[in-house]
Every structure is written in structure tokens, then in C-alpha cells.
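Chain by chain, the residues:
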Amino acid sequence: MKLYFAPMTCSLSPHIVLRELGLPFELIRVDNHTKRTADGHDFREINPKGYVAALRLDNGEVLTEGPAILQFLADQVPGNTLAPAAGTWERIRLQEHLNFISSEIHGASAPLFNPDIVQSVKAVFRQRLFKRLDYLNRRLADQDFLMTGFGVADAYLFTVLTWLPTFNIDIAQWPALSAYQQRVGARPSVLSAIAAEAATLPV
Ligand SMILES: N[C@@H](CCC(=O)N[C@@H](CS)C(=O)NCC(=O)O)C(=O)O
């Protein structure tokens with residue numbers, strides 16, 4: 001498998017999960033501005049949507065959309081604890097978490113990255129994001145992870161939380177969420193994924 005990624009973007013979450021599962025993979029860095037890949041291709045020919053993450057399978061299929069990639073990866077290793085088995089009620093709960101992270105945190109963060117959006121408008125998005133972080137802080141007050149044990153949703157939530165300093169948002173305002181970020185961030189898979197991404201050369 002090949003994971004097309006850009007450092008410290010949402011593609012970090014499947015990268016963490018690949019390492020957690022011990023699956024063999026190749027990392028291919030993408031320049032999100034030029035859309036060139038480190039191995040010399042136009043990334044839009046690989047993912048016509050033009051954004052990471054994209055996972056090329058050994059049979060040539062390309063899978064996109066973080067929540068789909070995360071669940072696909074977990075399903076490659078039967079009996080692993082990163083995702084409940086497909087078809088169970090708990091799997092639906094996982095999808096509930098992944099959709100929340102995707103739309104309410106990841107999607108809601110996108111305007112905050114945009115230099116063309118004025119501060120007064122960004123303030124509206126910030127307030128909305130704060131409500132979602134309040135919810136997560138309450139939820140994580142008495143549990144270590146989003147579900148039972150570390151799972152794919154935690155890899156995704158950790159990843160989007162790493163963007164908060166870029167928006168000058170101090171996670172310390174949410175103590176349980178802050179402790180959660182440190183807990184997940186100390187995992188060997190997370191440390192090695194971040195180090196591996198940093199060690200790649202710009203395209
Ligand atoms: N819906 C996609 C969104 C992916 C996405 O937002 N990718 C960002 C990085 S976090 C990106 O590559 N943006 C570059 C662009 O849109 O040109 C998913 O959930 O995987």
C-alpha cells in the first residue's frame with residue numbers, strides 16, 4: 001500500500017493507524033500547493049479531488065476520505081482492537097465519532113486555515129468549534145479514549161487537535177482534552193509517524 005500524505009495534515013491519522021496495525025506501507029509525500037508527488041506524479045491523477053489522504057492499494061484501487069481509509073485499514077487485521085467489527089452496533093458508534101470529527105472538528109477547522117477569511121467571520125467559526133471542544137472535554141473527563149481503548153477515532157481526533165496552536169487556541173482551556181492529547185501523543189505509533197513525516201524532504 002502507498003499512503004499519499006502531507007506532513008501534519010489529516011493524513012497523519014491513517015499514517016498512525018498503519019503503524020499501530022503493523023501493516024507494510026510506503027509513504028509518498030504530496031506538495032499540496034503544486035499537487036506534485038515526491039515520486040514525480042501529478043497528484044490529481046491519483047486523487048482527482050486533489051487532497052490527502054489517499055491510499056493506493058496493491059490492486060491499484062485508490063481509496064480517499066479519512067473515515068473510509070481508517071475503517072478499511074482496521075478491517076485488514078481481523079480481531080484488532082482499533083475498530084469494532086463491521087456489522088456491529090459498536091461499529092455504528094465508531095462511525096458516529098468519525099463523522100463528528102470529520103464534519104464538526106476537521107471541516108469546521110478549514111475556514112480557520114484560510115487567510116482570505118476576515119477575523120470577524122473566523123470568530124463565528126471559532127465559537128462553533130469551542131462548543132464542539134466543550135463537548136469532547138466533557139466526554140473525555142472520565143474515559144481515556146473515545147471508545148473502549150485506543151482506536152482509529154482517537155488517531156483522527158488527535159490529528160485534528162494538533163492544529164489548534166496554529167489558530168492560537170490553547171487546548172489547556174479543556175483539561176480533559178489536553179490530557180487526552182498528551183496521552184495519545186505519547187504512543188509510539190504517533191511519535192514515529194510524526195518523526196517519519198518530518199524526516200521526508202519537501203517535494
Ligand atoms: N474530506 C476529506 C478532506 C481531506 C482534507 O481536508 N485534506 C487536506 C489536508 S487535511 C488537504 O489535502 N487540502 C489540500 C487541498 O484541499 O487542496 C477527508 O476527510 O479525507
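Being a predicted model, the structure only gives us computed values, none of them experimental.

Criteria and thresholds
- Every residue gets a number counted from 1 within its own chain, in the order that chain's sequence is written.
- In keeping with the predicted nature of the model, local features appear solely for residues at pLDDT of at least 70, side-chain atom pairs appear and are counted solely at 80 or more, and the whole-chain, interface and lining totals rest on all residues.
- Derived side-chain values reflect all non-hydrogen atoms in the structure, with water molecules and hydrogen atoms excluded from consideration.
- If even one non-hydrogen atom of a residue comes within 4 Å of a molecule or strand, that residue is called near it.
- Polar contacts here mean pairs of N or O atoms no more than 3.5 Å apart (in protein, one a potential hydrogen donor and the other a potential acceptor; neighbouring residues in sequence count only if both atoms are side-chain atoms).
- Using the Shrake-Rupley algorithm and a 1.4 Å probe, accessible areas are obtained, with residue cover drawn only from the displayed protein chains.
- A 1.4 Å probe that fits into a set of points on a 1 Å grid over the protein atoms alone but cannot get out defines a cavity; an open set with protein on both sides within 12 Å along at least five of seven lines defines a pocket, and lining residues are those with an atom within 4 Å of a point.
- If over half the atoms of a molecule are within 2 Å of the grid points of a cavity or pocket, the molecule is regarded as sitting in it.
- Whenever a helix is involved, its axis is fitted only over the stretch in contact; in every case the axis is a line through C-alpha atoms, and angles between N-to-C directions fall within 0 to 180 degrees.
- Working definition: helices are DSSP H or I runs of at least four residues, strands are E runs of at least two. Numbering for both runs from the N terminus.
- What sets the label is the angle itself: under 35 degrees gives roughly parallel, over 145 gives roughly antiparallel, 65 to 115 gives roughly perpendicular, and the rest give oblique.
- We call two residues in contact whenever any of their non-hydrogen atoms come within 4.5 Å of each other.
- Under the scheme applied, nonpolar residues are Ala, Val, Leu, Ile, Met, Phe, Trp, Tyr, Cys and Pro; charged residues are Asp, Glu, Lys and Arg; polar residues are all the others, including Gly.
- Delimitation of the domains relies on an automatic or database domain assignment.
- Two parts lose some accessible area (1.4 Å probe) when they are put together, and adding that loss for both gives the buried area.
- The salt bridge criterion pairs a side-chain nitrogen of Lys or Arg with a carboxyl oxygen of Asp or Glu, the two atoms within 4 Å.

### Looking at the site of the ligand
- For the ligand, the full set of nearby residues is Thr9, Cys10, Asn32, Lys35, Gly50, Tyr51, Val52, Glu65, Gly66 and His106.
- Contact between the ligand and Val52: a nitrogen atom at 2.8 Å from a main-chain N or O atom of the residue.
- Gly66 is positioned such that a nitrogen or oxygen atom in its backbone is 2.9 Å from an oxygen atom of the ligand.
- When the ligand sits alone it has 510 Å² of accessible area, and the protein chains cover 70% of it.
- Assessed atom by atom at 2 Å from the grid points, the ligand resides in the largest pocket.

### Thoughts on the packing of helix α5 (residues 119-139) against helix α7 (residues 175-185)
- Orientation of α5 relative to α7, taken along the N-to-C sense of each, is 75°, at an axis distance of 7 Å. Here α5 is positioned roughly perpendicular relative to α7, judged by the angle of their axes. Listed contacts from α7 to Leu133, Leu136 and Asn137 of α5 are Pro175, Ala176 and Leu177.
- A per-class count over the contact of α5 with α7 returns five nonpolar, one polar and no charged.

### Here we look at the domain arrangement of the chain
- Partitioning the chain into structural domains gives domain 1 (2-81 + 189-198) and domain 2 (89-187).
- Taking the mean C-alpha position of each, domain 1 and domain 2 sit 20 Å from one another.
- Contacts between the two partners involve 18 residues from domain 1, matched on the other side by 18 residues from domain 2.
- When the two sides are added together, the surface that domain 1 and domain 2 hide from each other amounts to roughly 1500 Å², 64% of it contributed by carbon and sulfur.
- By the criterion of area lost to domain 2, the three top residues of domain 1 are Cys10, Gln71 and Val190, representing 30% of everything that side buries.
- For the pair domain 1 and domain 2, the number of links is two salt bridges.
- Between Arg187 and Glu20 there is a salt bridge, and its shortest N-O distance comes to 2.8 Å.

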